[in-house]
Amino acid sequence: MKMPKLNGAEISRRDFLRSGSAVATLTLAPGVTLMAFGGSDAAAGTADAGKRWGLLIDANKCDKDCSACVTACSTENGWKDNGRPETDAQWIRKITLKNTETGRETTMPMMCQHCEEPPCVDVCPTGASFKRVDGIVLVDKHTCIGCRYCMMACPFKARSFVHEPVINQKSDAPRGQGTVESCTLCVHRVDKGGTPACVEACADAGFEAIIFGDLKDPESEISKRLATYSSAALRPDLDLNPGVRYTNL
Amino acid sequence: MTLIVRFVLLWALLIGGATLAQAQERSSLLPNVPKATGEPHPEGNEYWRKNHPDLLRHDRNLTVRDGNREIGASLKSCFECHTTTDDQGTVLTSASPDHFCSACHQYVAVKIDCFVCHRSTPDGVDEYEAQAALLPPTSLNDADVEGIVAYLKQGDPVADPPAISKPAEVGQ
């Protein structure tokens, strides 16, 4: 009996070829064809290997009394402060740097740095911690066993373990006890062409300290700024090439 | 005589008919699957009843790993049509035996852990009251703390060291 075709349920050979490696062809002359593999997957509605999503955070524009990004992330993804700081999840936090000699203080948001070479992915024993083709580092909670090895490996303390039962989650951000989680770069919004909640909230608060964009596209706002102004990756000594960059630290 | 037989037959027919009608409406032997709204599945209910675990498992990987949001099977889209409400119109969560998923899963005693992470209602419904029993106590009172301290001090080697028995002297 031929099973009815469901989206994704039975992948035919044609679907596999279409989704796995988009093939662009260009006929130069009769009989001469140029073929390019691995082009944009945007048409297929999946993560695009031709992109690398990143953030650029301007510490000068970040207001020390503002935490709109943290609030927006919490609202968007449904994690909250239960009043138990030792165990509460924290996807994004505001940190303050102080130069002890000059007394200059800088504040900035810290979250998963979406490394190109993520240590959390290296150490994960089940393959739950992974990097998408467009550079977003995620936890697949379906396979996470909650061992927290990734939390130890992360030099940025970006990941949290969910210690308590969770209810009333968001449809787009499922989260539950016994798994590790971190900033997803609001992957559910990015997949629909949107920007992360923290970026929107920062702009709405009038600071525009965080900008989001494609690091591989030289015409994107983020690439242009990175090309023009000096910027820093945190812990450059580790050579992780994070997707989150800071200026004016 | 014939009249009595006729009466008995008619009576039996009435009783039998009523029982049949009841059986068609609701059989106590089978799970009471809540009615859904919206268009029926083109593949048919039988197909979905048999294959929904595989469909959900397959498509969740496409979404999480590849970012494909245009998939056929997702819990979020399930509850667009399969939201169950009680008589008062309150939306039921997976904690209720009448919830769409729970109705069958409790019947066949197959535990599902989807709703440890996923919500079992559409966005916007407050699941708090129905699911609050899952939450731990928010704070410990003094009696709890004393109980824990007493438990931890049981057989504390520092507070009350065990009596050391002298080894028996041998061979005088």
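Please read these numbers as outputs of a predicted model, since none were measured by experiment.

In terms of regular secondary structure, chain B is built from seven helices and zero strands. Its helices and strands taken in sequence order, chain B reads α-α-α-α-α-α-α from the N to the C terminus. The long-range fraction of contacts in chain B, counting pairs at least 24 apart against all pairs at least 6 apart in sequence, stands at 45%.

Along chain A, the regular secondary structure elements total seven helices and 11 strands. When burial is assessed residue by residue, chain A has 36% of its 249 residues classed as buried. Partitioning the intrachain contacts of chain A with sequence separation of at least 6 by distance along the chain shows that 56% fall at a separation of at least 24.

On the side of chain A, 27 residues touch chain B, which itself brings 30 residues to the contact. When contributions to the side of chain B that touches chain A are tallied by element, the ones reaching two or more residues are helix 2 (45-66), helix 5 (114-117) and helix 6 (128-131) of chain B. Within the side of chain B that touches chain A, the residues separate by chemical class into 12 nonpolar, six polar and 12 charged.

Now for unusual backbone geometry. Residue and element names in this part refer to chain A. A positive phi angle is found at Arg 148, which is not glycine, with a value near 70 degrees. Mapping Arg 148 onto the fold places it in the loop between strand 7 (137-139) and helix 4 (149-153). The phi torsion at Leu 185 lies on the positive side, around 55 degrees, for a residue other than glycine. Within the fold, Leu 185 resides in the loop between strand 9 (180-181) and helix 5 (187-190).

With that settled, consider helix 4 (residues 100-107) of chain B. Since the α-helix turns once every 3.6 residues, residues separated by three or four places project in the same direction. Of the residues making up helix 4 of chain B, those classed as buried are Phe 100, Cys 101 and Ser 102 of chain B. Just past helix 4 of chain B, the residue Ala 109 of chain B takes up positive phi, approximately 55 degrees.

Further remarks concern the nonpolar core. Residue and element names in this part refer to chain A. Grouped together as the largest cluster of nonpolar side chains are 51 residues, with contacts concentrated most on Ile 57, Cys 69, Cys 198, Cys 202 and Ile 210. Contributions of two or more residues to this core are made by strand 3 (53-58), helix 2 (68-77), strand 5 (105-111), strand 7, helix 5, helix 6 (197-204), strand 10 (210-214) and strand 11 (244-247). Per element, the largest residue contribution to this core is five residues, and it comes from helix 6.

All names here are of chain A. Pairing is mixed across the open sheet formed by three strands, whose spatial order is 10-3-11. With one partner strand each, in any of the chains shown, strand 10 and strand 11 form the two edges of the open sheet. If you compare each strand with its neighbour and ignore which way they point, the axes differ by 20 degrees on average. Judged from the five bridges that link them, strand 3 and strand 10 form a sheet pairing that is antiparallel. By the bridge assignment for strand 10, Ile 57 is matched with Ile 210. In the packing of helix 7 (residues 221-228) onto the sheet, contacts are made with strand 3, strand 10 and strand 11, and the angle to strand 10 comes to roughly 110 degrees.

This part takes up the pairing of strand 3 of chain A. All names here are of chain A. Most of strand 3 is tucked away: six of the six residues are buried. The side-chain alternation of strand 3 yields two buried faces, one formed by Trp 53, Leu 55 and Ile 57 and the other by Gly 54, Leu 56 and Asp 58. With four bridges connecting them, strand 3 and strand 11 associate as parallel partners. Note on strand 11: the bridge partner recorded for Asp 58 is Thr 247.

Turning to helix 2 of chain B, a few remarks are in order. Roughly 70 degrees is the biggest bend found in helix 2 of chain B, and it falls at Asn 51 of chain B, with proline Pro 53 of chain B one to four residues downstream. Count one or two residues on from helix 2 of chain B and you reach Gly 67 of chain B, which has phi positive near 75 degrees.

Let's shift gears to the packing of helix 2 of chain A against helix 6 of chain A. Residues and elements named next belong to chain A. It is at 8 Å that the axes of helix 2 and helix 6 come closest, and there the two elements cross at 135 degrees. Looking at the two axes, helix 2 sits oblique to helix 6. Considering only the axes of helix 2 and helix 6, their crossing is right-handed. Contacts from Ala 68, Cys 69, Thr 71, Ala 72, Cys 73 and Glu 76 of helix 2 reach helix 6 at Ala 197, Cys 198, Glu 200, Ala 201 and Cys 202.

Another point: the confidence of the model for chain A. Model confidence for chain A is summarised by a mean pLDDT of 87, while 82% of its residues fall at 70 or above. Here residues 1-5 of chain A is modelled with pLDDT under 50, and outside its nearest four sequence neighbours on either side it reaches five contacts, counting other chains as well.

A few words on the pairing of strand 5 of chain A. Residues and elements named next belong to chain A. Note: strand 4 (residues 92-98) against strand 5, seven bridges, orientation antiparallel. Residue Lys 94 lies in a different strand from strand 5, and its bridge partner there is Pro 109. Between strand 4 and strand 5, which pair antiparallel in sequence order, lie six residues; one of them, Gly 103, sits at a positive phi of approximately 85 degrees.

When you line up the elements, Val 149 of chain B lands in helix 7 (residues 142-153). For Val 149 of chain B, a count of 9 C-beta atoms within 10 Å translates into the label exposed.

With that settled, the discussion passes to the environment of Leu 138 of chain A. Residues and elements named next belong to chain A. Within the secondary structure layout, Leu 138 lies in strand 7. Since 23 C-beta atoms lie within 10 Å of it, Leu 138 is described here as buried. Not counting residues within four places of it along the chain, the set of residues in contact with Leu 138 comprises Phe 130, Arg 132, Thr 184 and Val 187.

Cut-offs and rules
Position labels on residues start from 1 in each chain and follow its written sequence. Written order determines the labels here, with chains lettered from A and ligands numbered from 1. Side-chain atom pairs in this predicted model are given and counted only at pLDDT of 80 or more, local residue features only at pLDDT of at least 70, and totals for whole chains, interfaces and linings cover all residues. In this description a helix means any DSSP run of H or I spanning at least four residues, a strand means any run of E spanning at least two, and both kinds are numbered starting from the N terminus. Each residue gets a C-beta atom placed from its backbone, and two residues are in contact if those atoms lie within 7 Å. Three classes are used. A residue is buried when 20 or more other C-beta atoms lie within 10 Å of its own, exposed when 12 or fewer do, and partly exposed in between, with C-beta atoms placed from the backbone. For this scheme, ten residues count as nonpolar: Ala, Val, Leu, Ile, Met, Phe, Trp, Tyr, Cys and Pro. Four count as charged, namely Asp, Glu, Lys and Arg, and the remainder, Gly too, count as polar. Linking buried Ala, Val, Leu, Ile, Met, Phe, Trp, Tyr and Cys residues through C-beta atoms within 7 Å yields a set, and such a set is a nonpolar core. For two strands to be treated as a pair, DSSP must find at least two bridges joining them. To get an axis, fit a line to the C-alpha atoms, keeping to the stretch in contact for a helix; angles then go from 0 to 180 degrees between the N-to-C directions. One axis fitted to the seven residues ending at a residue, another fitted to the seven starting there: the angle between these axes is the bend at that residue. When an angle is under 35 degrees it counts as roughly parallel; over 145 it counts as roughly antiparallel; between 65 and 115 it counts as roughly perpendicular; any other value is oblique. By the definition used in this description, the sense in which the near helix is turned from the far one sets the handedness, with an anticlockwise turn below a right angle giving left-handed and a clockwise turn giving right-handed. Confidence scores per residue from the predictor, reported as pLDDT, run from 0 to 100.

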